[in-house]
Every structure is written in C-alpha cells, then in structure tokens.
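Report on the structure
Spelled out from the first residue to the last, the chains are:
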Amino acid sequence: MTDHQGEFDPVSGRSTTGHEWDGIKELNTPLPRWWVITFYLTIVWAIGYWIVYPAWPLISSNTRGVLGYSSRANLAVELANLETARGEKMVALGATSLADIEKDPALLAFARARGRTVFGDNCAPCHGSGAAGAKGFPNLNDDDWLWGGTLDQIMQTIQFGARSGHAKAHEGQMLAFGKDGVLKPDEIVTVANYVRSLSGLSTGKGFDAAKGEKIFADNCVACHGDGGKGNPELGAPNLTDKIWLYGSDEATLIETISQGRAGVMPAWEGRLDPATIKAMAVYVHSLGGGK
Amino acid sequence: MNKAVNPNELTSDDDYGPLYAARKKVYPQSVHGTFRRIKWGLMAFCLGVYYFLPFVRWNRGLGAPSQAVLIDLPNSRFYFFFIELWPQEVYYFTGLLIVAAVVLFLMNSVGGRIWCGYLCPQTVWTDLFYAVERFVEGDRRDRMMKDKSAGALTLRRVSEIVLKNFIWLLIAWWAGGAWVLYFSDAPTLVKQLLTFQAPMVAYIWIGILTATTFVLAGYLREQVCTYMCPWPRIQAALTDEWALNVTYRYDRGEKRTSVKKAAELRAHGEQVGDCIDCYQCVAVCPTGIDIRNGPQLECIQCGLCIDACDNVMTRIGRPKRLIGYDNDINIQRRQEGRAPIYRIVRPRTIVYSAIIAAVGGIMLYTLATRSLLDVNVLHDRNPVAVRLSDGSIRNAYTVRLLNKSGYDRVIAIDANGPVNATVHVVGIDSVTPDRPMIVIPRDSTSELRLLVTAPADGNPEKSIPVRFHVTDIGLGEVASATDNFVAP
C-alpha cells in the first residue's frame, strides 16, 4: 500500500491510506515484508500442491495430480511390505513344529502377537477379546478342555472345528433326554442333582443318590465315562470339576439334560493360512499355560 | 478532514505507535572491548560444543555405540557420556527442562537478558554472520555506502555479495550437518553423506536447518528477536528492580553536549553530562536502538554499546561506564547522592538457586541409584481371574523384564502373595519348582506371560497384593514390582 499523497495523521504523525469511514481514517501500517513474502509463497506452494497431488473434486472423481500419488495405493504397498517383513517369521512358524515354537522365545513372542491379533479379528465375537468365554462358549484361559488341551488337540479344533460340517470336525453332542422322551421329568431332576453331587455341589431335598447313580449309569456313562470324568474324543465334559460351560445350577442342568447341547465351533482351515492357524494354537495354548 | 501536517513537526508517543514499523536496515559497526571479547569467547565455546560434540568418542564396550552424545532413535536409546537412558526414563529430560528454565530465571534476576545477549543461537549465529559480512563488505560506513549505490552493480560488488552468501551458506550447512550427527554415528554418517549413501531424512534435515540458519541469521536477524521470539516478552516480565541491565546512566550523561563545549562549561563550574552525543552506542547496536532512551524491548543486552561508549570515554578522558550494567535503583540513589548498592543474593536468587540445587540433586541421586535391572508387571484384565477345574484360582500377568546392563543376565522370578501359590512362565519348563529362570540378553527387554495359581482355600475372597521379585542369579541384583491377585 502506498502512502496517500501528503496526508498525515496529526496524532501519530504517520501517513494514512486515504481510506475514510465516518470520518475515521486508516493509518498506513503495512505488514512486515517477510510476512507478506511468506504469505505469497504459501499461495505459490498451494498451486504447486494442486498440480502435484490429487486435489480438486470433480463430478465423479478428482484430479489425480502429476505424481500419481494415492494414499490407498500407499497403504497397499505398506501392507505388502508388512507381509514381507513378517514373511521370514511366518515361514519359520510354518516350518517349526508346534512344540518347538514354544521353546524359542522370539518365535513364541511372534506367534503370540500374531495369534492375539487374529484372535481379536476372528475368535473374539464368541470367546471374548481376552478369551474369557461366555455361557456356551468356553473360557480358553482355564485348564479344562472339551476336545483336549494339548497343542496338537487345540490346533485340530481350530483347524476343523466342532460340529462345523467339516469332514474332519469333532462330532458328538449332548442328547435331548427330555425332548426326545428318553427320561421322565422326575428322572431328569434326580440325575441333575446327581451330577451336581459329582463335583461336590449341594443337592436338593429328598434327593435319592442311588436312583441318580442308576439313571446316570444307564444313560450318561457312554459319553461322560464312569464317574462322569468326561471324554475329550466326544467333547463330553468332565462333570466332576468346577468348570461348567452352561452353568451348574439345577435349573440349567435340567435344561441341558432335557434339551441337549450342540454348540458349534467353525472350522478355520481355508479361512486362515496354516502358519496363522499354528500361531493361533500357540496363542490359545499359552493363554492357559498349556497342558 | 484533517489538515496535512509535516510529520517532523509532530511529537509522537512511542507507546501508542504501531505494533510494526517498516524495517530499517541495521548496520552494526565493529567494536572492541570487554564485552566484545566475552561474546567472541562464548561464541567459540557454544559453536565449538555444537559443531564438534558428535565427534567425541566414548567407549561403552562391544556392540554398544561409541559416541559420547547420541540420540539413537531406531533403538530408542539416548547416550550421554556415561549415561544411557531408555524411553521410559524420559522424565530426566523433564528435570533437565526444569533446571534449564530456572537457570534462565536466575540469569535474568542477576544480569537481565544474558541469554539473549550472549547465548541464544539466533544471537550467536547472527553475530558470526555479521563478522563474515564485515570481512567481505567492510564496516558500517562501507556497507551503508554500498547499499545506497545498489544500482551500480559492478563486478566487484556482485562478487562480494556472492562470496558473502556463499560463506553464510557454508556455515549454515555445517549447522544443519552437525545437527544430524547427533542422531547417528558421526564418522560413519559423514562418510555416507559424502558418498551420497546417507538416509534421505539426513539430507532433508540438513536442508531444513541450512535454510533456517541462513535465512534467520543472514536476513531476518534482529527481526527474529523483535517480532518472532516470545522470549523478550517473558524475560521482560521476569526482570526485577535489582537485576543488572545494560543501562545508560542518564544521571551522569545528561545534559549532552560536545567535548569542547563541555570543557568550557566545566571551566565555568557549570554542571554538564559526559555524553557527547557521538551515536557510537547506536552505531554498534545489532538491533539498531538507542540505549539512551532507557530499557526497551528490542535491546538484547549484548553489552556492545558499553564497549563503544567506554572507548569514547577513554578517548575524551572521562571515566568509563557511562553505559554499563546497572539498575534503576542505583540511578535513583546516585541522583540523591547516595552510594549505589548491588545485591545479587536476594530472596529471588536464593529461591531459584535452591530449586536448581534441589532438582539437580534429585536427578543426580536417581541417576546414581537407578537400577540396571527392572521389572514391569501388567495384570490381565480380561479375564482378571480364572477358576481352574480343581477350584484353584489363576491370575495371568504380562511381565516385562528390562536388562539395561551391558551383559546377559540369568534371572529368577518369584511371586510372593497368595499362600502356596505356584508360578509358571509360558514357554519355560522350570527346573526349580515355582521359581522360573530365564536369560535376558544385554541391553534388551523380554516380555513374558506369567501365571500365578493359588489353591482355592487359604486365600482371601477379593484381592491381595502380590509382589514379583526378579533376581539376577549371578550378581544378586534384585528388582521388584507389586500388583494384585484377584479372586473371581
């Protein structure tokens, strides 16, 4: 802004711009030169930016920019790089036996980290983010395993699932003794109380232990074994311990015996690659400290 | 409409002037004297430390960096001579920042803006750039004349400008170069830089710092102090009435008059001041102000006007320090005929010194006693506790062991808390029951999953503290951490 010819503000002695509003005049106080230059440079920079990078929205797309920059493409590259970086460890996972992975601290740490991520994406909806489980969905942190808790058994369960429809899936289910008319309601109450007594829980008034034992021997031993110790081959739970997948109160047990149970664990073979399934097995195994 | 008035006829009050005045180029004149020598010395010291520190070696043994001062970002370690800091120890920097701030306060309460005048990088590099300019283009008078006849670009003038900017660029480039050397092994990086093998980020940083040094010290100069830097505002607020500031002793200087006239008037027994209005103090000022107008924001208190005035006073046979480090109290006292008093030990300086001593002491103590073995424990939150098939309770923990030493350690882990608890580390078949052992390589961390199992009976219902001890089997060094054992 140039000085307005010969006009000065009498109070400050400075030149004015000659602009006047209701008798108030504007002093000529220019911005610092470097400030103005910086401001113009940012404009030049912005124009350069429009040309170089994607910038202007068009009707159905946007200007592409001369660099061909794309954050989506960059992400793809980064993901590919990540896979490459992981590649070595993933190959090592695939090549190392399950038992040896746990003996190699570095590989164990990697398998746990990988397993934890994949668990969060795939398993947490049923088993919970920390694998604490819920009613009908086993807690994977304890030492009770329906289908066996060794590394190999865990891996097999993850790979093929249970009642998943996969040819190699675990099969076997809790029959619906009430619904199918095998046991009468009073027999179900009796055997439910008997099952509670197996793990040291209190029984109802007038409970006939001998009758319960007989009903159990006739109907349940085939799967749950003598004394109710369970059978991992059939996924039949141990009824003498403190862990109950669906609950241990009388009402729940009566429901279980009457209606049966057949929870489904999906098969992950084909959905996750073999090395990842291995990592999952190691992670799940390490949650409960392994068997 | 106002009548046009000649600005020279007007008296303006600076307090109501505009916030920005168009830049008047400053041509500081060279000067010799005490403060100039102090400035040269401090400049040599500061730049010497900055430019050469990365090349100082420090033997830390095999496999560890042998650079005395190194910020190792990829491995997140900070090395400072015998000190090695890990990321979780950045609180030492907090301590350092507190000490640095209070040292600034202390300097301020003793001698005003010592930082601005002598130590600030902007001052130091600008001063160096001025020296270069003076060397190439000549002193104040020459430079003013050359700029006035800017239209006449002779070959000599052009080559001067090119030479000056070239030397400036070299200095600025080295300033950027030295910066990156703090982040990597200096000799290796120098070699890489010269053969164009260095990482891109190194070149980028050198470029950025070269540009900022060149522009800020070469062209923006006093504008940085006056308009960009917030520190003058803060420093002005920190200065109290006892702080020594570069001060024109107007009680002694006024009334100003020429040497000859002063001698005449003195012969008649009249009172005249020592200031002869020679403008030497203004000519040498790097911010282009007149110190005789009293304390002002632009004054960085570098003391060069003191040198200039002292030289003049010596020449005209008057006592030195018409301009000197002084405070308003003393000017007042002298006018009243009382002796000046200087008080460096005051409540304010005592408090600042005490804070510096306290924070410094705490830092030294923690540095001296900090452990090279450490353990962090994180309780599993989901689930917090697990009931096992036999009714016992298990809690899981993520345990991070830190071996900050330069040797591998064999570590045993104990957990004291629940009665009859057993400890198991995933992936380790313990030889000693309930006391897992593990090797942690030097200068590294290990993350373990630790399971503590307690029988259902004999333990309280809710939550009891559990203490983890990690013991170096060889040296007996112990570190511990406390967490809780929770029942479901």
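Keep in mind the model is a prediction, meaning the values are calculated, not measured.

Looking at the sheet that holds strand β14 (residues 478-486) of chain B
All names here are of chain B. The strand order across the open sheet built from 4 strands is β11-β9-β13-β14, with neighbouring strands paired in antiparallel fashion. Only two strands of the sheet have a single neighbouring strand rather than two, namely β11 (437-440) and β14. Across this sheet, the average inter-strand angle for adjacent strands is 30 degrees, counted without regard to direction. Across 9 bridges, strand β13 (residues 463-472) lies against β14 in antiparallel orientation. Looking at the pairing, P465 lines up with N484 of β14.

Considerations on the UniProt feature "domain: Cytochrome c" (unreviewed entry) in chain A
UniProt records the feature "domain: Cytochrome c" (unreviewed entry) at residues 110-199 and 207-288 of chain A, using the numbering of this structure. With 46% helix and 0% strand, residues 110-199 of chain A has end C-alpha atoms that lie 39 Å from one another.

Overview of the domain arrangement of chain B
Under the domain assignment used here, chain B contains domain 1 (245-336) and domain 2 (373-486). Look at where the C-alpha atoms of domain 1 of chain B and domain 2 of chain B centre, and you get two points 74 Å apart.

Let's talk about the pattern of salt bridges
All names here are of chain B. For the structure on display, the rule yields 43 salt bridges over all chains. For E477, the salt bridge is made with R409, and the minimal N-O distance between the two is 3.2 Å. Here E477, found in the loop between β13 and β14, pairs with R409, found in strand β9 (residues 409-416); they are 68 residues apart in sequence, far enough to count as distant. Relative accessible area serves as the criterion here: at 24%, E477 is assigned to the partly exposed category. What you see here is one network of salt bridges that share partners, running through K25, E133, E137, R143, K146, D147, R156, R157, E160, K164 and R221.

Observations concerning the domain arrangement of chain A
A common way to report how large an interface is uses the accessible area buried once the components associate. Residues and elements named next belong to chain A. If you check the domain split of chain A, you get domain 1 (72-168 + 266-285) and domain 2 (185-259). Each partner contributes to the interface: domain 1 provides 11 residues, whereas domain 2 provides 11 residues. Across the domain 1/domain 2 interface, buried area totals approximately 880 Å², and carbon plus sulfur atoms make up 62% of it. The tally of links from domain 1 across to domain 2 stands at 1 residue pair in polar contact (both at pLDDT 80 or more). Along the lines of polarity and charge, the residues of the side of domain 1 that touches domain 2 split into 5 nonpolar, 2 polar and 4 charged.

Focus: the packing of aromatic side chains
For the coordinates displayed, the defined rule picks out 28 aromatic pairs over all chains. Geometrically, the ring pair formed by F39 of chain A and Y40 of chain A is tilted, given 5.9 Å between the ring centres and 45 degrees between the ring planes. On the accessibility criterion, F39 of chain A (42% relative accessible area) is partly exposed. With a centroid separation of 5.4 Å and 55 degrees between ring planes, the pair formed by Y194 of chain A and F216 of chain A is classed as tilted. Placement of the pair is Y194 of chain A in helix α7 (residues 185-198) and F216 of chain A in helix α8 (residues 209-219), with a sequence separation of 22 residues. The exposure class of F216 of chain A is buried, given its relative accessible area of 3%. The structure contains a cluster of three or more aromatic residues connected by ring pairs, namely Y50, Y51, F52, W125, W174 and Y182 of chain B. Residue placement shows R261 of chain A over the ring face of Y246 of chain A; its charged tip is 4.1 Å from the ring centre.

Quick word on the interface of chain B and chain A
Residue-level contacts link 28 residues of chain B with 34 residues of chain A. The junction of chain B with chain A conceals about 2500 Å² of combined surface from both sides, 59% of it contributed by carbon and sulfur atoms. If you look at where chain B meets chain A, you find 0 salt bridges. If you look at where chain B meets chain A, you find 7 residue pairs in polar contact (both at pLDDT 80 or more). Within the residue set of the side of chain B that touches chain A, elements represented by two or more residues are α9 (222-228), β7 (386-387) and β12 (444-454) of chain B. Class assignment for the residues of the side of chain B that touches chain A results in 15 nonpolar, 9 polar and 4 charged.

Observations regarding the side chain of H469 of chain B
Here H469 of chain B shows up in strand β13. Reaching out from H469 of chain B, the side chain makes a polar contact with the side chain of N416 of chain B at a distance of 3.4 Å.

Observations regarding the UniProt feature "binding site: heme c 2" (unreviewed entry) in chain A
Residues and elements named next belong to chain A. Cross-referencing UniProt, the feature "binding site: heme c 2" (unreviewed entry) maps to M174, C220, C223 and H224 in the present numbering. Judged by maximum C-alpha separation, these annotated positions cover 51 residues in sequence but sit close together in space, the widest gap being only 9.9 Å. With respect to the helices and strands, C220 occurs in the loop between α8 and α9 (221-224). Accessibility expressed as a relative area gives 13% for C220, which makes it buried.

Here's the deal with the UniProt feature "transmembrane region" (unreviewed entry) in chain B
Residue and element names in this part refer to chain B. The UniProt entry lists residues 40-58, 90-107, 166-182, 202-220 and 350-368 under the feature "transmembrane region" (unreviewed entry), expressed in the numbering used here. Helix makes up 94% of residues 90-107 and strand 0%, with an end-to-end C-alpha separation of 26 Å. The annotated region residues 202-220 carries 100% helix and 0% strand content, and the separation between its end C-alpha atoms amounts to 25 Å.

Some points on the state of the cysteines
All names here are of chain B. Evaluated as defined, the whole model comprises 0 disulfides over all chains. You can see C281 has no disulfide; the closest cysteine sulfur is in C278, sitting 6.4 Å from it. Residue C281 is classed as buried on the basis of its relative accessible area of 8%. Its sulfur unpaired, C299 is 6.4 Å from the next cysteine sulfur, which belongs to C305.

Considering the environment of L119 of chain B
Examined against the element boundaries, L119 of chain B turns out to sit in helix α3 (residues 114-119). Spatially, the C-alpha atoms of L119 of chain B and Y50 of chain B are 12 Å apart, while their sequence positions differ by 69 residues.

Brief notes about helix α6 (residues 151-160) of chain A
Because an α-helix packs 3.6 residues into every turn, residues spaced three or four apart end up facing the same way. All names here are of chain A. Of all 10 residues that make up α6, 7 are buried, and the element is covered over most of its length. The complete set of buried residues in α6 reads L151, I154, M155, T157, I158, Q159 and F160. In this structure, the buried side of α6 is in contact with α3 (98-103) and α11 (274-287).

Focus on the environment of L96 of chain B
Positionally, L96 of chain B belongs in helix α2 (residues 91-111). Given the relative accessible area of 48%, L96 of chain B is considered partly exposed.

What counts, and at which threshold
Residues numbered from 1 in each chain as written. Chains lettered and ligands numbered in written order. Predicted model: local features only at pLDDT ≥ 70, side-chain atom pairs only at ≥ 80, totals over all residues. Heavy atoms only, no water. Pairing = 2+ DSSP bridges. Helix = DSSP H or I, 4+ residues; strand = E, 2+ residues; numbered from the N terminus. Axes fitted to C-alpha atoms, helices over the stretch in contact; angles between N-to-C directions. UniProt positions renumbered as here; feature names shortened; annotations may be inferred. Domains from an automatic or database assignment. Salt bridge = Lys/Arg side-chain N within 4 Å of Asp/Glu carboxyl O. Buried < 20%, exposed > 50% of the residue type's maximum accessible area, 1.4 Å probe, protein only. Contact = heavy atoms within 4.5 Å. Buried area = accessible area lost by both parts, 1.4 Å probe. Polar contact = N/O pair within 3.5 Å; in protein donor to acceptor, adjacent residues only side chain to side chain. Nonpolar A, V, L, I, M, F, W, Y, C, P; charged D, E, K, R; others polar. Phe/Tyr/Trp six-rings, centres within 6.5 Å; stacked < 30°, edge-to-face > 60°. Lys NZ or Arg CZ within 6 Å of the ring centre and 35° of its normal. Disulfide = S-S within 2.5 Å.

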